[in-house]
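Architecture at a glance
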Amino acid sequence: MRRKKIPFALIYDFDGTLSPGNMQERNFIPAIGMNKKNFWTEVGSMSKTHQADNILVYMKLMLDKASAASVPVRKKDFKDYGKNLSFFKGILPYSNGTIKEDGWFERINKYGNSSGVKVEHYIVSSGIREMIEGTKLANKFKSIYASSFFYDHNGVAVWPALAINYTTKTQYIFRINKGCLDVSDNKLINKFIPEANRAIPFSNMVYIGDGNTDIPCFRLVKERGGHSIAVYKPKTKGAKNKIENLISEGRVNFIAPADYKNGSKIDKIVKNIIDKIQVDKSLRDL
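So, how was this worked out
Residues numbered from 1 in each chain as written. Predicted model: local features only at pLDDT ≥ 70, side-chain atom pairs only at ≥ 80, totals over all residues. Heavy atoms only, no water. Axes fitted to C-alpha atoms, helices over the stretch in contact; angles between N-to-C directions. Helix = DSSP H or I, 4+ residues; strand = E, 2+ residues; numbered from the N terminus. Parallel < 35°, antiparallel > 145°, perpendicular 65-115°, else oblique. Left-handed = near helix turned anticlockwise from the far one by under 90°. Contact = heavy atoms within 4.5 Å. Nonpolar A, V, L, I, M, F, W, Y, C, P; charged D, E, K, R; others polar. Pairing = 2+ DSSP bridges.

Right, let's talk about the packing of helix H3 (residues 36-50) against helix H4 (residues 54-68) for a bit. Here H3 crosses H4 at 125 degrees, and the two axes come no closer than 9 Å. Here H3 lies oblique to H4, going by the angle between them. Between H3 and H4 the crossing geometry is right-handed. Listed contacts from H4 to Phe39, Trp40, Glu42, Val43, Met46 and Ser47 of H3 are Asn54, Val57, Tyr58, Leu61, Met62 and Lys65. Within the contact of H3 with H4, the residues separate by chemical class into 8 nonpolar, 2 polar and 2 charged.

Here is the structure:
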């Protein structure tokens, strides 16, 4: 009789965690004739003036500036912007003709499978879902929770359909925990489900993010028995110093460079957590 594999969720922020920088900055902001500093400064100013959520403001500004610059904003256009996003080392499979290495997702899935652990990957991001769906990584995730647009009958983005900020991110952790992955389902997410009957226990979760906007998720997962990892851009002056306080303040379990190559610090941390989950399950069975 085949033993049921242990469910395990790796939950990621996107910008600064899997991909350097903000996704809007790579191609979209230059396309509307702005630089990233001016764009985000305007977002901050409008948010303060109108006492508005900055995620909703940046999404509105994207549409306003695109309209003024005659830049198309269909779902396909956003996906095309996502095709050009880059990733930290080790995320994608590598081959130079003689050396072939699995990417992060393939490697961690294989490691989990060999330990009797079923690894599932999720995105919880304030970035644009359609851009993430256009990347080479889109099919690696069971669900992508990110801010997205509402499209009219011509397929043109006209309004924010979903805006995910640093506090509302936690809702999607609970959705993963309960197995309620449909964003439109507001009944199951609020239904009482005993911890033992939930799809993925918090103890079998790892949340990976890159800073202060991830703190609510860091704390939620860590305080409920899972593990939180804060990553920083490798070989960048002062990057590690900016997040070291997350350890001393008890917000995260680990900090590591955003280097996902085989044998890297984060690679070792996640593999050890998988080992721990397998051993904990064996001890509970005994």
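And the narrative resumes.
For asparagine 165, the location among the structural elements is in the loop between strand E6 (157-162) and helix H8 (169-178). Not counting residues up to four positions away in its chain, the partners in contact with asparagine 165 are Asp53, Ile55 and Ser126.

Once that is clear, we can look at the sheet that holds E6. Taken in spatial order, the 7 strands line up as E6-E5-E4-E1-E7-E8-E9 in an open sheet, and their pairing is mixed. Both edges of this open sheet fall to E6 and strand E9 (254-257), since each of them pairs with a single strand only. Averaged over neighbouring strand pairs, the angle between their axes works out to 25 degrees when direction is ignored. Across 5 bridges, the pairing between strand E4 (residues 117-128) and strand E5 (residues 143-151) is parallel. For serine 125, the partnering residue across the bridge sits in E5 and is alanine 146. Sitting on the sheet, helix H9 (residues 215-223) touches strand E7 (205-209) and strand E8 (227-232), and the angle it makes with E8 is about 145 degrees.

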